[in-house]
Amino acid sequence: MKSLLQYLKGYRKECVFAPLFKLLEATFELFVPLVMAAIIDKGIAGQDKPYIFKMCLILVALGLIGLVCSITAQFFAAKAAVGFSAKLRHALFAHIGSLSYSEIDTLGTSTLITRMTADVNQVQNGVNLTLRLLLRSPFVVLGAMVMAFTIDIKAAMIFVVVIPVLCIIVFMIMFMSVPMYKTVQKRLDKVLKITRENLTGVRVIRAFNLEQKEKKSFDHNNRKLTKLQLFVGRISAVMNPITYCVINGGIVALIAVGALRVDMGQLSQGQVVALVNYMSQILVEVVKLANLIITVTKALASAKRVEEVFETKTSIDESAPGRKNKGGSKYAVEFNNVNLKYKGAGENSLESISFKVKQGQTVGIIGGTGCGKTSIINMIPRFYDATEGHVLVNGMDVKDWNVEKLRDQIGVVPQKAVLFKGTIRENMQWGKNDATDEEIKKALEIAQATEVVEGKEHKLDEMVEQGGRNFSGGQRQRLTIARAVVKKPSILILDDSASALDFATDAKLRKSLKTMDKNTTVFIVSQRTSSIQHADQIIVLDDGKIVDIGTHESLLKSCEEYQEIYYSQVSNGRKEAK
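Residues numbered from 1 in each chain as written. Predicted model: local features only at pLDDT ≥ 70, side-chain atom pairs only at ≥ 80, totals over all residues. Heavy atoms only, no water.

**Student:** Account for helix H16 (residues 473–485), naming residues and giving values.
**Tutor:** The first and last C-alpha atoms of H16 sit 19 Å apart over 13 residues, in line with the 18 Å expected at 1.5 Å per residue. With 10 of 13 residues buried, H16 lies mostly within the body of the structure. Taken together, the buried positions of H16 are Gly474, Gln477, Arg478, Leu479, Thr480, Ile481, Ala482, Arg483, Ala484 and Val485. Contact partners of the buried residues in H16: strand E6 (410–413), helix H13 (424–428), helix H14 (437–446), helix H15 (450–454), strand E9 (491–495) and helix H17 (503–513). (Helix = DSSP H or I, 4+ residues; strand = E, 2+ residues; numbered from the N terminus. Expected span 1.5 Å × (residues − 1). Buried < 20%, exposed > 50% of the residue type's maximum accessible area, 1.4 Å probe, protein only. Contact = heavy atoms within 4.5 Å.)

**Student:** I'd love a proper account of unusual backbone geometry, names of residues and values included.
**Tutor:** Phi is positive for Gln47, close to 50°, though the residue is something other than glycine. If you trace the backbone, Gln47 turns up in the loop between helix H1 (12–44) and helix H2 (49–98). Under the relative-accessibility criterion, Gln47 is labelled exposed at 70%. The residue Asp543 is not glycine, and still its phi comes out positive at about 55°. For Asp543, the position within the fold is in the loop between strand E11 (537–542) and strand E12 (545–550).

**Student:** Could you give me a rundown of the nonpolar core, with the residues and numbers involved?
**Tutor:** If you look at soluble globular proteins, the nonpolar side chains tend to sit buried side by side. The biggest cluster of nonpolar side chains holds 42 residues, and the ones touching the most others in it are Ile424, Leu444, Leu479, Leu492, Ile538 and Tyr562. If one sorts the elements of this core by residue count, H16 sits on top with 5 residues. (Core = buried A, V, L, I, M, F, W, Y, C linked by side-chain atoms within 4.5 Å.)

**Student:** Which residues make up the sheet that holds strand E4 (residues 388–393), and what values do they have?
**Tutor:** The strand order E2-E1-E4-E5 describes an open sheet built from 4 strands, whose pairing is antiparallel. Because the sheet does not close on itself, it has two edges, and the strands there are strand E2 (350–358) and strand E5 (396–397). Looking at chain direction, strand E1 (residues 331–340) and E4 are connected through 5 bridges and run antiparallel. Each residue of the ladder has a partner; that of Phe335, found in E4, is Val391. (Pairing = 2+ DSSP bridges.)

**Student:** Help me get a handle on the pattern of salt bridges, residues and values and all.
**Tutor:** If you walk through the whole model with that rule in mind, you get 18 salt bridges. Residues Arg425 and Asp437 are paired through a salt bridge, measuring 3.0 Å at the closest nitrogen-oxygen approach. Taken together, the positions of Arg425 in helix H13 and Asp437 in helix H14 put the pair 12 residues apart, joining distant regions of the chain. One salt-bridge network, held together by shared partners, links Lys22, Glu25, Glu29, Arg136, Glu285 and Lys288. (Salt bridge = Lys/Arg side-chain N within 4 Å of Asp/Glu carboxyl O.)

**Student:** Which residues make up the pairing of E9, and what are the values?
**Tutor:** With 5 of 5 residues buried, E9 is to be regarded as a mostly interior element. The alternating pattern of E9 places Ile491, Ile493 and Asp495 on one face and Leu492 and Leu494 on the opposite face, and all of these are buried. With 4 bridges connecting them, E6 and E9 associate as parallel partners. When the sheet's bridge partners are listed, Gly411 is paired in E9 with Leu492. Summarising the sheet, E9 and strand E10 (residues 521–525) pair through 5 bridges and their orientation is parallel. Across the sheet, residue Ile491 finds its bridge partner in E10, namely Thr521. Once you follow E9 into H17 and on to E10, the crossover reads as right-handed. (Right-handed = clockwise from strand over helix to strand, strands pointing away.)

**Student:** So what's going on with the packing of aromatic side chains? Which residues, and what values?
**Tutor:** Evaluation of the coordinates by the stated rule reveals 9 aromatic pairs. Relative to Tyr567, the ring of Tyr566 lies with its centre 5.1 Å away and its plane at 75°, an arrangement referred to as edge-to-face. Residue Tyr567 is classed as partly exposed on the basis of its relative accessible area, which comes to 47%. Linked through ring pairs, Phe17, Phe21, Phe75 and Phe76 together constitute an aromatic cluster. Above the face of the Phe471 ring, Lys456 is positioned so that its terminal group lies 4.6 Å from the ring centre. Its end group placed over the ring of Phe503, Arg528 keeps NZ or CZ at 4.4 Å from the ring centre. (Phe/Tyr/Trp six-rings, centres within 6.5 Å; stacked < 30°, edge-to-face > 60°. Lys NZ or Arg CZ within 6 Å of the ring centre and 35° of its normal.)

**Student:** Before we move on, could you go through the sheet that holds E6 and cite the residues and values that matter?
**Tutor:** Through backbone hydrogen bonds, the strands of a sheet pair up, either in parallel or in antiparallel fashion. If you trace the 6 strands from one edge of the open sheet to the other, you get E6-E9-E10-E3-E11-E12, paired in mixed fashion. Pairing within the sheet leaves two strands with one partner each, and these edge strands are E6 and E12. Neighbour-to-neighbour, the strand axes of this sheet turn through a mean angle of 15°, independent of strand direction. In the packing of H16 onto the sheet, contacts are made with E6 and E9, and the angle to E6 comes to roughly 175°. (Axes fitted to C-alpha atoms, helices over the stretch in contact; angles between N-to-C directions.)

**Student:** How would you sum up a negative patch on the surface? Please name residues and give values.
**Tutor:** A grouping of Glu347, Asp542, Asp543, Glu560, Glu561 and Glu564 is seen on the molecular surface, where their side chains present a negatively charged patch. Top element by residues in the negative patch is helix H20 (residues 560–571). It accounts for 3 residues. Overall, the relative accessible area of 62% leaves Glu560 in the exposed class. (Patch = residues over 30% accessible without salt bridge, like charges linked within 9 Å, V, L, I, M, F, W, Y side chains within 5 Å. Areas by Shrake-Rupley, 256 points an atom, 1.4 Å probe, with all protein chains shown as cover. Lys, Arg positive; Asp, Glu negative; His and termini not counted. Charge placed at Lys NZ, Arg CZ, Asp CG, Glu CD.)

**Student:** Which residues make up a nonpolar patch on the surface, and what values do they have?
**Tutor:** A contiguous nonpolar surface patch, about 310 Å² in accessible area, is contributed by Val16, Phe17, Leu20 and Leu24. As for its placement among the helices and strands, Leu24 is situated in helix H1. Looking at Leu24, the relative accessible area reads 34%, which means it is partly exposed.

**Student:** Can you lay out the side chain of Arg305 for me, pointing to particular residues and giving the numbers?
**Tutor:** Checked against the element boundaries, Arg305 lands in helix H10 (residues 269–311). Take Arg305: its relative accessible area is 6%, and that puts it in the buried class. With near-sequence residues (within four places) excluded, Arg305 lies in contact with Thr114, Arg115, Asp119, Gln185, Lys186 and Asp189.

**Student:** Could you give me a rundown of the packing of helix H8 (residues 211–237) against helix H9 (residues 239–263), with the residues and numbers involved?
**Tutor:** What describes two packed helices is the angle between their axes and the distance between those same axes. Two elements in contact, H8 and H9, have axes whose closest approach is 5 Å; the angle formed by their N-to-C orientations is 10°. By the angle between their axes, H8 is roughly parallel relative to H9. Touching Ile235, Ser236 and Ala237 of H8 are Met239, Asn240 and Pro241, all from H9. The residue inventory of the contact of H8 with H9, partitioned by class, reads 4 nonpolar, 2 polar and no charged. (Parallel < 35°, antiparallel > 145°, perpendicular 65-115°, else oblique. Nonpolar A, V, L, I, M, F, W, Y, C, P; charged D, E, K, R; others polar.)

**Student:** I'd like a rundown of the packing of H9 against H10, residues and numbers included.
**Tutor:** Following both chains from N to C, one finds H9 and H10 inclined at 170°, their axes separated by 10 Å at the closest point. Put simply, H9 runs roughly antiparallel to H10. Residues Met239, Asn240, Thr243, Tyr244, Ile247, Gly250, Ile251, Leu254, Ile255, Gly258 and Val262 of H9 form the contact with H10, whose participating residues are Gln269, Val272, Leu275, Val276, Met279, Ser280, Ile282, Leu283, Val286, Val287 and Ala290. Across the contact of H9 with H10, the residue classes tally to 16 nonpolar, 6 polar and no charged.

Honestly, it's all geometry; don't read function into it.
Spelled out as structure tokens, the structure:
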């Protein structure tokens, strides 16, 4: 939690005024029983109506002043807590954005969403209540005991017994519940992960009629979460009845002792009422303190989870200035004996990968599912770093590049076509933020997406819904290709990004890509031999290793794996588009 407190630095004034005004409110509240005692002993006993009226006005004034102090304290506490959570959420979002693919894969998307939302909100509530009650409740408890001693020392000894007993109860329950709240958050992560998977893959689930199975799985995990929450809730809930019993026992003792001392003439009736009121104040504050401890316990557990994300350091430092690229290399990309092992994996995903690609060449990468095609192209923009060996772009190791400058010259179209909420124009300008309509239209033409835009009522101003769900799979792919092309990159990577296109459109796309700048190097990852057969060189992969490199014609003569892929597609009657 200490590392997160830095985000409260801009709210020092609020952090001082919030508890200060709460202490002022508590101070005025402590005078109320004394005023009540005076009304009973002097006003009512002496039938002095003016005195009673005057003291009632004082009670009203104390109440109004206390209300103003309370509202002011709440304003400052809320301002500090909301501002703190906004800064924390912003810093957390920025930190997550700085993590490499490896760290994001390890942490998991669902967990990161939970920590960004539920955990930060929990910490915000903890800060809010802490500023309001952390000093107020102990102050009222101790203040009530001191005021009781000013009234009668013997009766006040009951407070000396009651207060430590309450403290022991509160801290024992807190000690038991803290570890459990951490487990609750972990179980919540799991439920959210299942929910996310089901919402994302709802069509697949329905296609295989697995709704009942997924419902049972969700119900099982939800029951485990609910059971644990109920268990922790019961432990926390025990606090209130136990504290009530202790306080009510103290009130009974006070009334018994007070009655005897009133009978002996050592206490007045008003003083007994004041003592009972002070005990009741302690009851209210202990309940508040108990709720504060429960909230703070949850907040501390959530803060620890947020801190874990901050403590996760990226394996790729994107802020490094990088070395100056001297340029002049005839090779756009070089892989020199590269191995890649994913974090937590038992063995390498890629082994001994070596090849060179000249400026302006088109390179096809093909192989079976899971052979490492995407892993190779992900290392060019440095989404992952090589475990061994070197990846060079324009003659310089990618680790020596400034990451921003490296990625500025690379256009990537990932396997999953992702569009963002906004207009088509705004999505295209992700590739180049000052792209003109003419540049966008040219990119759309190359990506075979002109008809997609022209078919919409508002053309480039047509709204794209979240995830691009108002476009078909093929339309999304063409628009994402256009988004990369509008960037005019020196290296264009198409990671199986034409899989939803028909053969004719795919052929037109490949033909139009050749109209780009002759110095643009293109990598095409595909399962179709038709998509890569005109490439300058084709890399054939199998189980993380390069089987062969060559042209379509040479591979058909010498590479069995390539022959198998090619003839299997032809024999299935899907005549290749030439």
